[in-house]
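Take a look at the letters that make up each chain.
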Amino acid sequence: MAQHGPTLPYSTAWALITLHNAPEETTLVRAWARENPSGPPGIHYDHWHELNAAEQQRRHRWLRRHGQSPIQLLRLDTSLIHSARIHVLDWGSPPQPAKRHDTTAATQPRTQRQP
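Asks: Which residues make up the overall build of the chain, and what are the values?
Replies: Summing up its helical and strand segments, the chain has six helices and two strands in all. Here the chain holds 115 residues, and the buried ones make up 30% of them. For the chain, long-range pairs separated by at least 24 residues make up 68% of all intrachain contacts whose partners lie at least 6 apart in sequence. Working note: accessible area of the chain is about 8,600 Å², and carbon and sulfur atoms make up 53% of it.

Asks: I'd like a rundown of helix H3 (residues 53–66), residues and numbers included.
Replies: For H3, with 14 residues, the first-to-last C-alpha span of 20 Å sits near the 20 Å given by 1.5 Å per residue. Every buried residue of H3 is accounted for by Glu55, Arg59 and Trp62. Down the axis, H3 shows its buried residues gathered within 60 degrees of arc, on one side only. Projecting away from the buried face of H3 at angles above 90 degrees are the exposed residues Ala53, Ala54, Arg64 and Arg65. Packing partners of the buried residues in H3 comprise helix H4 (70–73). With its phi angle positive at about 80 degrees, Gly67 sits one or two positions after the end of H3.

Asks: I'd like a description of the pairing of strand E2 (residues 87–90), backed by residues and values.
Replies: On a regular strand, each side chain points to the face opposite its neighbour's, so the side chains alternate between the two faces of the sheet. In E2, alternate side chains face the same way, and those of Val88 and Asp90 are buried while those of His87 and Leu89 on the opposite face are not. Looking at chain direction, strand E1 (residues 42–45) and E2 are connected through four bridges and run parallel. Across the sheet, Gly42 pairs through a bridge with His87, a residue of E2.

Asks: A description of the nonpolar core should follow, citing residues and the corresponding values.
Replies: Among the nonpolar cores identified, the biggest contains 15 residues, and Leu16, Leu19, Val29, Leu76, Ile81, Ile86 and Val88 are the most heavily contacted of them. Elements with a contribution of two residues or more to this core: helix H1 (10–21) and helix H2 (26–35). If you tally residues by element for this core, the top one is H1, at four residues. If we ignore the near neighbours within four places in the chain, the residues touching Ile81 are Leu16, Gly42, Ile43, Leu76, Ile86 and Val88.

Asks: Describe the packing of aromatic side chains, naming the residues involved and giving the relevant values.
Replies: A ring pair, where both rings are aromatic, is described by two values, the distance of the centres and the angle of the planes. Taken as a whole and judged by the stated rule, the model has one aromatic pair. On the basis of an interplanar angle of 65 degrees and a centroid distance of 5.5 Å, the ring pair of Trp14 and Trp32 is categorised as edge-to-face. Pair noted here: Trp14 is in helix H1 and Trp32 is in helix H2, with a separation of 18 residues, a long-range link. Since its relative accessible area comes to 30%, Trp14 is described here as partly exposed. Over the ring of Trp48 we find Arg59; its NZ or CZ atom is 5.7 Å from the centre of that ring.

About the cut-offs
- Residues numbered from 1 in each chain as written.
- Predicted model: local features only at pLDDT ≥ 70, side-chain atom pairs only at ≥ 80, totals over all residues.
- Heavy atoms only, no water.
- Helix = DSSP H or I, 4+ residues; strand = E, 2+ residues; numbered from the N terminus.
- Buried < 20%, exposed > 50% of the residue type's maximum accessible area, 1.4 Å probe, protein only.
- Contact = heavy atoms within 4.5 Å.
- Areas by Shrake-Rupley, 256 points an atom, 1.4 Å probe, with all protein chains shown as cover.
- Expected span 1.5 Å × (residues − 1).
- Arc of directions from axis to C-beta.
- Pairing = 2+ DSSP bridges.
- Core = buried A, V, L, I, M, F, W, Y, C linked by side-chain atoms within 4.5 Å.
- Phe/Tyr/Trp six-rings, centres within 6.5 Å; stacked < 30°, edge-to-face > 60°.
- Lys NZ or Arg CZ within 6 Å of the ring centre and 35° of its normal.

Written as structure tokens, this is what we have:
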């Protein structure tokens, strides 16, 4: 939970760790999720533009170090998460920097070569 951040409730963390460490307990996790619905099942992604600057920087540092979110590092099959009826809010992809286009070539006239 500390690595993922404030969008991961304790109960969801428990369910994910249980599926990761004790897959034979999937029936228990399903029963718990049925009694404690928290949203549509599956992995859903939050939006970076809604995060404050400190949280964006924290996530960027984590991704540079580990390459994936803490939930992705669990390597749980997404169909297992969905079938267990767990609602998981994971990190969306960070925004990609916009590519800069060189507009000077389009606005300057071409010079003709001298023979």
